[in-house]
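One-letter residues, chain by chain:
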There are 2 protein chains.
Amino acid sequence: MNQISLYDDVVTARERLAGEAHITPVLTSRTLDECTGASVFLKCENFQRMGAFKFRGAYNAISQLSAADRGRGVVAYSSGNHAQAVALVSKLLKTSATIVMPNNASTIKRQAAEGYGATIVTYDVEKESREVVAADLAEKHGRVMIPPFDHEHIIAGQGTVAAELVDAVPDLDMVLAPCGGGGLLSGTAVAVKGSNGNCKVIGVEPEVADDATRSFHTKTLQTVRNPPTIADGARTASLGNLTFPLILENVDDMKTVTEDAIKEAVRFLFYRMKLVVEPSGALGVAALLSGAVRAAGKIGVIISGGNIDAKTMCHIFGETSR
Amino acid sequence: MNQISLYDDVVTARERLAGEAHITPVLTSRTLDECTGASVFLKCENFQRMGAFKFRGAYNAISQLSAADRGRGVVAYSSGNHAQAVALVSKLLKTSATIVMPNNASTIKRQAAEGYGATIVTYDVEKESREVVAADLAEKHGRVMIPPFDHEHIIAGQGTVAAELVDAVPDLDMVLAPCGGGGLLSGTAVAVKGSNGNCKVIGVEPEVADDATRSFHTKTLQTVRNPPTIADGARTASLGNLTFPLILENVDDMKTVTEDAIKEAVRFLFYRMKLVVEPSGALGVAALLSGAVRAAGKIGVIISGGNIDAKTMCHIFGETSR
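Residues numbered from 1 in each chain as written. Chains lettered and ligands numbered in written order. Predicted model: local features only at pLDDT ≥ 70, side-chain atom pairs only at ≥ 80, totals over all residues. Heavy atoms only, no water.

**Focus on the overall build of chain A**
The test is simple: Strands are runs of DSSP state E lasting at least 2 residues, helices are runs of H or I lasting at least 4, and numbering of each runs from the N terminus. Radius of gyration: over C-alpha atoms. The globule rule applied is 2.2 Å multiplied by the number of residues raised to the 0.38 power. By definition, residues are in contact when any of their heavy atoms lie within 4.5 Å.
Secondary structure assignment for chain A yields 14 helices and 10 strands. Relative to the compact-globule value of 20 Å for 322 residues, chain A shows a C-alpha radius of gyration of 18 Å, a close match. Summarising its shape, the C-alpha atoms of chain A cover approximately 55 × 50 × 40 Å along the three principal directions. When contacts within chain A are restricted to residue pairs at least 6 apart in sequence, long-range pairs at least 24 apart make up 71% of them.

**Overview of the environment of glutamate 15 of chain B**
With respect to the helices and strands, the residue glutamate 15 of chain B is situated in helix α1 (residues 3-17). On a C-alpha basis, the gap between glutamate 15 of chain B and threonine 160 of chain B in space is 9.6 Å, while along the polypeptide they are 145 residues apart.

**Brief notes about the nonpolar core**
Nonpolar side chains in soluble globular proteins tend to be buried together. The condition that has to hold: The term nonpolar core refers to a set of buried residues drawn from Ala, Val, Leu, Ile, Met, Phe, Trp, Tyr and Cys, joined through side-chain atoms within 4.5 Å. Burial here depends on accessible area, computed with a 1.4 Å probe over protein chains only, as a share of the maximum for the residue type. Under 20% is buried, over 50% is exposed, and the range in between is partly exposed.
Of all hydrophobic cores here, the largest spans 86 residues; its most connected members are Leu42 and Leu275 of chain A together with Leu42 and Leu275 of chain B. Other than its neighbours up to four places away in sequence, leucine 42 of chain B contacts Pro25, Val26, Leu27, Leu32, Leu269, Met273, Leu275, Val285, Val301 and Ile303 of chain B.

**Section: the confidence of the model for chain A**
This is how it is decided: For every residue, the pLDDT score states the predictor's confidence, bounded by 0 at the bottom and 100 at the top.
The pLDDT averaged across chain A works out to 94; a share of 98% of its residues lies at or above 70. The complex model carries a pTM of 0.95, and its ipTM stands at 0.94.

**Considerations on the interface of chain A and chain B**
As a reminder of what qualifies: By buried area we mean the combined loss of accessible area, with a 1.4 Å probe, across both parts when two parts are placed together. One speaks of a salt bridge when a side-chain nitrogen belonging to Lys or Arg is within 4 Å of a carboxyl oxygen belonging to Asp or Glu. We define a polar contact as two N or O atoms separated by no more than 3.5 Å, with the added condition that, inside protein, one atom must be a possible hydrogen donor and the other a possible acceptor, whereas residues neighbouring each other in sequence contribute only through side-chain atom pairs. Following the grouping adopted for this structure description, the nonpolar residues are Ala, Val, Leu, Ile, Met, Phe, Trp, Tyr, Cys and Pro, the charged ones are Asp, Glu, Lys and Arg, and the polar ones are all others, Gly among them.
With 27 residues of chain A in contact, the opposing surface of chain B contributes 27 residues. Summed over both partners, the interface of chain A with chain B comes to about 2200 Å²; 64% of that surface belongs to carbon and sulfur atoms. The tally of links between chain A and chain B comes to zero salt bridges. Inspection of the chain A/chain B interface yields eight residue pairs in polar contact (both at pLDDT 80 or more). Mapped by element, the contributors of at least two residues to the side of chain A that touches chain B are α12 (259-271) and α14 (310-317) of chain A. By residue number, the principal contributor to the side of chain A that touches chain B is α14 of chain A, which donates five residues. Class assignment of the residues belonging to the side of chain A that touches chain B gives a composition of 13 nonpolar, seven polar and seven charged.

**Overview of unusual backbone geometry**
Its identity as a non-glycine residue notwithstanding, asparagine 226 of chain A has a phi of 45 degrees, on the positive side. By relative accessible area, which is 64% here, asparagine 226 of chain A ends up exposed. If you check the backbone angles, aspartate 171 of chain B has positive phi at about 60 degrees while not being a glycine. Looking at the secondary structure, you find aspartate 171 of chain B in the loop between α8 (152-168) and β7 (174-178). For aspartate 171 of chain B, a relative accessible area of 60% translates into the label exposed.

**Points about the relation of the copies chain A and chain B**
Stated formally: Each copy is superposed on the other by least squares, with the fit set by C-alpha atoms of residues at a pLDDT of at least 70 in both.
Laying chain A over chain B is done by rotating through 180 degrees and shifting 0.0 Å along the axis; what remains is an RMSD of 0.0 Å. With respect to symmetry, the two chain copies, as superposed, fit the operation of a two-fold axis. It is leucine 275 of chain A whose C-alpha, among those of chain A, lies nearest the rotation axis, at 2.7 Å. Both copies share a contact surface, since 100% of the interface residues of chain A are interface residues in chain B too.

**Re the pattern of salt bridges**
All names here are of chain B. Under the counting rule described, the total for this entry stands at 20 salt bridges over all chains. Here glutamate 164 ties to lysine 43 by a salt bridge, and the two come within 2.6 Å at their closest N and O atoms. Within this pair, whereas glutamate 164 is found in helix α8, its partner lysine 43 is found in strand β2 (residues 39-44), the two being separated by 121 residues in sequence. Across the pair arginine 72 and aspartate 69 runs a salt bridge, and its minimum N-O distance is 2.6 Å. Placement of both arginine 72 and aspartate 69 in helix α4 (residues 67-72) is noted, with a separation of three residues, approximately one turn of the helix. By relative accessible area, which is 39% here, arginine 72 ends up partly exposed.

**Structural notes on the sheet that holds strand β7 (residues 174-178) of chain A**
All names here are of chain A. Our working rule: For two strands to be treated as a pair, DSSP must find no fewer than two bridges joining them.
Strand order in the open sheet formed by six strands is β1-β2-β10-β7-β8-β9, and the pairing between neighbours is mixed. Edge positions in the open sheet fall to β1 (26-27) and β9 (253-257), since each of these has one partner strand only. For β1 and strand β2 (residues 39-44), the ladder comprises two bridges, and the chain directions are antiparallel. Residue pairing for β2: valine 26 is matched across the bridge by lysine 43.

**Structural notes on the sheet that holds strand β8 (residues 200-206) of chain B**
Two orientations exist for strands paired in a sheet by backbone hydrogen bonds: parallel and antiparallel. Taking strand neighbours across the sheet as the criterion, the six strands line up as β1-β2-β10-β7-β8-β9 (chain B) in an open arrangement whose pairing is mixed. Strands at the two margins of the open sheet, each flanked by one partner only, are β1 (26-27) and β9 (253-257) of chain B.

**Side note on helix α11 (residues 243-250) of chain B**
What counts is decided by this rule: Directions are taken from the helix axis to each C-beta atom, and the arc is the one they span.
Among the residues of α11 of chain B, those classed as buried are Thr243, Phe244, Leu246, Ile247 and Asn250 of chain B. Looking straight down α11 of chain B, one finds that the buried residues subtend no more than 165 degrees of arc, so they occupy a single side.

**Some thoughts on the environment of threonine 95 of chain B**
All names here are of chain B. Of note, threonine 95 is situated in the loop between α5 (81-92) and β4 (97-102). Overall, threonine 95 belongs to the buried group, its relative accessible area being 11%. In this structure, threonine 95 is in contact with Ile62, Arg70, Gly73, Val74 and Ser90, ignoring residues within four places of it in sequence. A polar contact of 2.7 Å, which involves the side chain of threonine 95, links it to the backbone oxygen of arginine 70.

**With respect to the pairing of β7 of chain A**
Residue and element names in this part refer to chain A. Note the cut-off: By definition, the crossover connecting two strands over a helix is right-handed if that path, from the first strand to the second, turns clockwise as seen with the strands pointing away from the viewer.
Among the five residues that make up β7, five are buried, leaving the element largely enclosed by the rest of the structure. Neither face of β7 is exposed, since Met174, Leu176 and Pro178 on one face and Val175 and Ala177 on the opposite face are all buried. Following the chain from β7 across helix α9 (residues 183-195) to the adjacent parallel strand β8 (residues 200-206), one finds a crossover that is right-handed.

Set out below in structure tokens:
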């Protein structure tokens, strides 16, 4: 994939998203600056529509489908934010969405996607592969598959987060982004490097789901299987065919944080900044507060989403046992 | 008190607070607009320093003390946000603060004020009056009393919230503000009416702490005693000598909301807007979502603060019993 053309795709995606996605605010905190010794700028995608950056990629992908494709509808596999994003965008663009979810997905996640009018198809997590179930549905009904991260339109859409951030805050020294399948991180890196080659881009993963960090350092694709991290957006098995080379090429470093550091960051954002942030969304702040990333200068941090349920929040507070 | 001069005091207070208080963001939500049928603009004082609007009044008052007064220090009675505000401002302005708190105040609230360097003096809630304890301390040590709401400098400082809001969002039809002792509400009304006489100002109280609503409608000061509301900022016994006439003169109406409506608003702000808001801070949104205030046109809502502890938050989620 051509780097220069992908940066252009981010620029075009911004135009496509204008008036549809929110240009989310960039917030700062004296306390966070004092705690880190740096000037930290939080790009708050928890305030994005449906509560996470995933809206951007889904909109950028689905809005480029032909009228005929939209007539047949789309299919996606996800139990998280991508499901809600595809469901909401499909509603907005008047196409139909089928979402493949595990049969043990929480009621709240099913209802969120159903609330936007999507049809849910479940699969047996013990016996079936969600990719195969979704591909079968796509083939049988002529639906277009909207993958969660490994797709040029998805990556370009997610890159618009960082494009807005570097416009809002010039001369950043570093941008931190969470990493699951690498759609957000690769888009971030392309967007940042395309506008300011001197700004470092660092990906952050949970220590217990460090496949991308290992892949980055060994330059060979590594995987994890159902890692026991509270950061559900970072449980993805591995980087993708597109995101892995983009990350190798454009990302400066990868760092990991402990589960305790993630929880501490969620609490810090709640108590000190009054922000509701899901565990995956707090990975960048966790890296700064824990010292996993050495903080200095002007640092942009992508807060990827805020979809956390009451049970998880109270577990993080230590108010309930799970 | 002269109305025109008080509006001028709000204007002067803004200049005094420049660079010290945050100019807090005004946030909107498609979901909130859809739920209410109006265009709603949330003025987010939960993002203010120490987490609530109280910083403004305290700064406006303490910064106007003479060098000699600052040398002797200040005293305040509060177990909530005013305590933290006076403690933080005293630290910033290099004066010393003594805060009178009940002997049953939570450890977390004591620690917050002590963390800013204040000295805590406790009193026996069964036997003593906090006003008397504080007045004795003021007299004995020559300290200046900084009252929580019934003071021109406090009212003018709190009025800067609405002054910023009406600047950021022209042509508002209505502004909603929570009401405890009426410092925020009277300052809001003076600031709004001073710049746009056509904009209605409505105060919102918990149904079980409706002293200001009854005072407003009967034009006679009414009181409550330890009302059982989750909105701790609205438990104040009554309006003050200054705030009551200002509210009678400048406020268009007062409305009340149930405890369930307050909790529902806190949950809505958490789940749908990713904002951490304390129960008192959610009174305006509660009035809109419950229909206590008929929503139409462009409505500004003052979110007064975000200092909520984990126990209260999880209680509101229904995840723990209290």
